[in-house]
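Structural description and commentary
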Amino acid sequence: MAALPLPIDRLSRAQALFAGLARAAGEMAGVAYLTADARVLALRMIPGDADRVTVPARTLAIDALAFGAYGVIVAHNHPSGDPAPSRHDLDHARTVARALGLVDVRLVDHLIVTAGAVTSLRAMGMV
C-alpha cells in the first residue's frame, strides 16, 4: 500500500505543489482538495486566458463535496511576473471563501505563483 502524501500543512509545501504554474504562458489555476489532516485528495488544473483565469465557486463547492474535502487551496499564476494580487483576485478569493464556508469547507489559502515569488492571500490576511 502506498504511503499517503505529506500533508500540505505549511506554506512551503503548498508552494511546491503549485510551482509548475509559474511556467505556464497564460494564466492557469490549480486547486488542491484536502482531507481534515491536510492531505491531498485530488488536484485539478484549470486553463484560463492570456491574462485571467476564474474558477467558479460552484465548481469548487461541487468538487469539494464530491471528494469529501475539508479544505481547498486555490493557486493561480501571474505570467507577468508580478506576484501582487489584483482587485479581481481578492474579490474572487473572498467569494470562494464565503461559498465554500456555506458547505463547511475551508478555503485554506489562495496563492499567486510567479517565476520568482509566491504570494499567500492567507498570510496577507486577505482570506
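This report concerns the structure included in the present document. These numbers come from a predicted model, not from an experiment.

Glancing now at the overall build of the protein chain. A tally of helices and strands in the protein chain yields three helices and five strands. Each helix and strand of the protein chain, ordered N terminal to C terminal, gives the series α-β-β-α-β-α-β-β. Its C-alpha atoms give the protein chain a radius of gyration of 14 Å, near enough to 14 Å, the size a compact globule of 127 residues would have. By principal-axis analysis of the C-alpha atoms, the protein chain measures approximately 40 × 30 × 25 Å. Sorting the 127 residues of the protein chain into buried and exposed places 38% on the buried side. The contacts in the protein chain between residues at least 6 apart in sequence include a share of 65% that link residues at least 24 apart. When the accessible surface of the protein chain is split by element, carbon and sulfur atoms take 58% of a total near 6,700 Å². For the protein chain, the distance from the average position of its 12 positive side-chain charges to the average position of its 11 negative side-chain charges is 4 Å.

A few words on the packing of helix α2 (residues 57-67) against helix α3 (residues 87-102). When two helices pack together, their arrangement is given by the angle between their axes and by how far apart the axes lie. Following both chains from N to C, one finds α2 and α3 inclined at 35°, their axes separated by 9 Å at the closest point. Between α2 and α3 lies a crossing whose hand is right-handed. Along the contact surface, α2 presents Ala57, Leu60 and Ala61, while α3 presents Val96, Ala99 and Leu100. Here the contact of α2 with α3 is built from residues that sort into six nonpolar, no polar and no charged.

This brings us to the environment of Tyr33. Residue position: Tyr33 is located in strand β1 (residues 28-34). Taking the relative accessible area as the measure of exposure, Tyr33 reaches 0% and is therefore buried. C-alpha of Tyr33 to C-alpha of Arg10: the two residues are 23 residues apart in sequence and 15 Å apart in space. In this structure the side chain of Tyr33 is engaged in a polar contact, spanning 3.0 Å, whose partner is the side chain of Asp63.

Our focus in this paragraph is the environment of Arg10. Among the structural elements, Arg10 can be located in the segment before α1 (11-17). Distance from Arg10 to Met45, taken between C-alpha atoms, is 21 Å for residues 35 residues apart in sequence.

Moving on to the pattern of salt bridges. Pairing between side chains of opposite charge can happen when their charged atoms approach one another. Enumeration over the complete set of coordinates arrives at three salt bridges. In this structure, Asp63 engages Arg44 in a salt bridge whose closest nitrogen and oxygen atoms are separated by 2.7 Å. With a gap of 19 residues between them, Asp63 in helix α2 and Arg44 in strand β2 (residues 40-47) connect regions that are remote in the sequence. In this structure, the salt-bridge partner of Arg87 is Asp91, at a minimum N-O distance of 3.6 Å. In this pair, Arg87 and Asp91 both sit in helix α3, four residues apart, roughly one turn of the helix. Exposure remark for Asp91: the relative accessible area of 38% places this residue in the partly exposed category.

Reading guide: rules and limits
- Residues numbered from 1 in each chain as written.
- Predicted model: local features only at pLDDT ≥ 70, side-chain atom pairs only at ≥ 80, totals over all residues.
- Heavy atoms only, no water.
- Helix = DSSP H or I, 4+ residues; strand = E, 2+ residues; numbered from the N terminus.
- Rg over C-alpha atoms; globule rule 2.2 N^0.38 Å.
- Buried < 20%, exposed > 50% of the residue type's maximum accessible area, 1.4 Å probe, protein only.
- Contact = heavy atoms within 4.5 Å.
- Areas by Shrake-Rupley, 256 points an atom, 1.4 Å probe, with all protein chains shown as cover.
- Lys, Arg positive; Asp, Glu negative; His and termini not counted.
- Charge placed at Lys NZ, Arg CZ, Asp CG, Glu CD.
- Axes fitted to C-alpha atoms, helices over the stretch in contact; angles between N-to-C directions.
- Left-handed = near helix turned anticlockwise from the far one by under 90°.
- Nonpolar A, V, L, I, M, F, W, Y, C, P; charged D, E, K, R; others polar.
- Polar contact = N/O pair within 3.5 Å; in protein donor to acceptor, adjacent residues only side chain to side chain.
- Salt bridge = Lys/Arg side-chain N within 4 Å of Asp/Glu carboxyl O.

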